[in-house]
Every structure is written in structure tokens, then in C-alpha cells.
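Each chain, written out:
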Amino acid sequence: MLPLLKNEFPDISISKIRFLESEGLVAPERAPSGYRRYSEGDIERLRYILRMQRDHYLPLKVIRDNLSLMDRGLEPPTIETPASAAPSAPPLAGPIPVVDPPESSHSRAQRRPMKLTRRELLQVSGLSEATLIEMERQQMVLPRRGSIYYGREALTLCVVARRLQAYGMDTRHLRAIKQAAEREAGLVEQGVQPHLARGQNPAQTLHEVSQLVMHAHAAMMYTLLER
């Protein structure tokens with residue numbers, strides 16, 4: 001069974017499949033000896049689960065709901081890959097958009113707050129617990145305010161941290177990125193204060209200005225790297 005999944009999911013392991021089984025997402029038939037027999041349907045179910053985690057970063061609760069719909073012969077909701085959870089750098093010479101395209105009602109629905117338990121965060125991101133502990137110690141990854149659940153930003157940081165490890169970059173490098181982000185956040189807060197005092201929507205204003213600052217940051221970085 002494992003070789004059938006390895007080509008598409010190189011990081012798959014028996015422990016990951018056992019975890020999905022313990023969560024009730026897959027239930028292979030058991031032989032009298034206790035040996036698990038995975039049918040073709042079980043394999044396809046596993047592929048669906050793993051794709052939803054890898055490509056769309058869905059929490060297990062949403063995947064379970066989608067599987068329940070499929071088991072009843074219904075179509076699960078169409079899902080777009082959230083760009084913020086799987087950042088990919090545009091070509092160095094490519095243009096950097098300065099305004100976000102208008103969001104459709106479907107896009108807004110997909111941006112609803114994500115709620116991941118710590119266990120789900122580790123499973124979905126593929127990050128090691130040791131690295132997560134260090135990122136939490138450095139206050140790079142934190143649960144959502146007033147909650148025990150982790151949000152989309154925490155997932156993004158964990159995915160990025162795991163991918164950067166392949167390039168020899170660890171939490172020391174992320175700490176430098178965090179310090180730069182803190183300076184930029186302070187710049188945004190200072191810049192928008194006069195506008196907030198005039199009664200503008202705080203959340204919308206902060207979002208728009210932070211997006212512009214991030215685009216400027218990315219454009220400058222690509223310009224420097226291109227040289």
C-alpha cells in the first residue's frame with residue numbers, strides 16, 4: 001500500500017496513515033490475523049486526504065466533513081489553493097502586482113479563520129515538533145489570540161520553515177526575518193494612525209497598507225537578488 005502512495009507523496013509514512021486511521025478518516029478491512037487490507041477505494045480515499053492537506057492545507061475536521069459528503073454520494077465544495085499558505089516566488093524579472101484582485105464570495109469563504117489544533121498543525125505542515133517548539137519559544141508561531149487553536153499564519157510559517165530547512169536555513173534565519181517583520185509592522189502602525197483617527201476602518205486600513213508594504217518588500221528583494 002505504501003509504495004502506491006510514495007510516488008505522489010514522498011513524505012508519507014506508516015505512522016501518518018495510522019494517525020489518519022485513528023482519526024476515523026480511513027477504515028481498512030482487517031484480516032483475522034489483524035493485518036490491514038487496503039482496497040482500491042481506501043487508497044483513493046487516502047490520496048484525497050493527503051492532497052487536501054498538501055495542496056489546500058485543510059484541517060482534518062473539514063476533510064472529514066468532505067468525506068462524509070462523498071460517502072453520501074454528494075460532491076464536496078470546490079476548493080482553491082490558498083496562496084498565502086503555499087508561497088511561491090515569481091520570476092525575478094516578473095512584475096509584482098501592487099493591488100489584490102477583487103475577491104469573489106467563494107474566495108472570501110475560503111479565507112474564513114482556520115482552526116488547527118497543535119497536533120493538526122504538525123500533521124498538516126509536516127514540521128518536526130522540535131522545530132515547532134523552538135519557533136514557539138521565539139514567539140514566531142502562536143495560537144490565535146484568546147484561543148488554543150492555530151490559524152492560517154501559523155500554518156504558513158510552519159510550511160515555510162520546513163521548506164527552508166532544505167536550503168540550510170533554520171530558526172536563526174527566521175528570527176532575522178521576524179525582526180524585519182517587527183520593524184515593518186511598527187512602520188505600518190505609525191503610518192496609519194492619522195487615518196484611523198479620522199474614523200477609517202482599522203482592519204481594512206491595516207490590511208491594505210500591510211499588503212502594499214509586503215509588495216514593496218518583495219519587489220525590493222527580487223531586485224537585489226537579480227543583481
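Note that the structure is predicted; figures quoted are calculated from it, not measured. (Residues numbered from 1 in each chain as written. Predicted model: local features only at pLDDT ≥ 70, side-chain atom pairs only at ≥ 80, totals over all residues. Heavy atoms only, no water.)

A. The pattern of salt bridges, seen in detail. For the structure shown, the criterion picks out 16 salt bridges. The salt bridge partner of R172 is D170, with a shortest N-O separation of 3.0 Å. The class of D170 is partly exposed, set by a relative accessible area of 29%. The network of salt bridges with common partners includes E8, R51, R54 and D55. (Salt bridge = Lys/Arg side-chain N within 4 Å of Asp/Glu carboxyl O. Buried < 20%, exposed > 50% of the residue type's maximum accessible area, 1.4 Å probe, protein only.)

B. Focus on the packing of helix 6 (residues 118–125) against helix 7 (residues 129–137). Two elements in contact, helix 6 and helix 7, have axes separated by 11 Å at closest approach and are oriented at 120°. Judged by the inter-axis angle, helix 6 sits oblique to helix 7. The two elements helix 6 and helix 7 meet at a crossing, and its hand is right-handed. Between helix 6 and helix 7, the contacting residues are R118, L121 and L122 on the first element and E129, L132, I133 and E136 on the second. Of the residues contributing to the contact of helix 6 with helix 7, the split by class is 4 nonpolar, no polar and 3 charged. (Axes fitted to C-alpha atoms, helices over the stretch in contact; angles between N-to-C directions. Helix = DSSP H or I, 4+ residues; strand = E, 2+ residues; numbered from the N terminus. Parallel < 35°, antiparallel > 145°, perpendicular 65-115°, else oblique. Left-handed = near helix turned anticlockwise from the far one by under 90°. Contact = heavy atoms within 4.5 Å. Nonpolar A, V, L, I, M, F, W, Y, C, P; charged D, E, K, R; others polar.)

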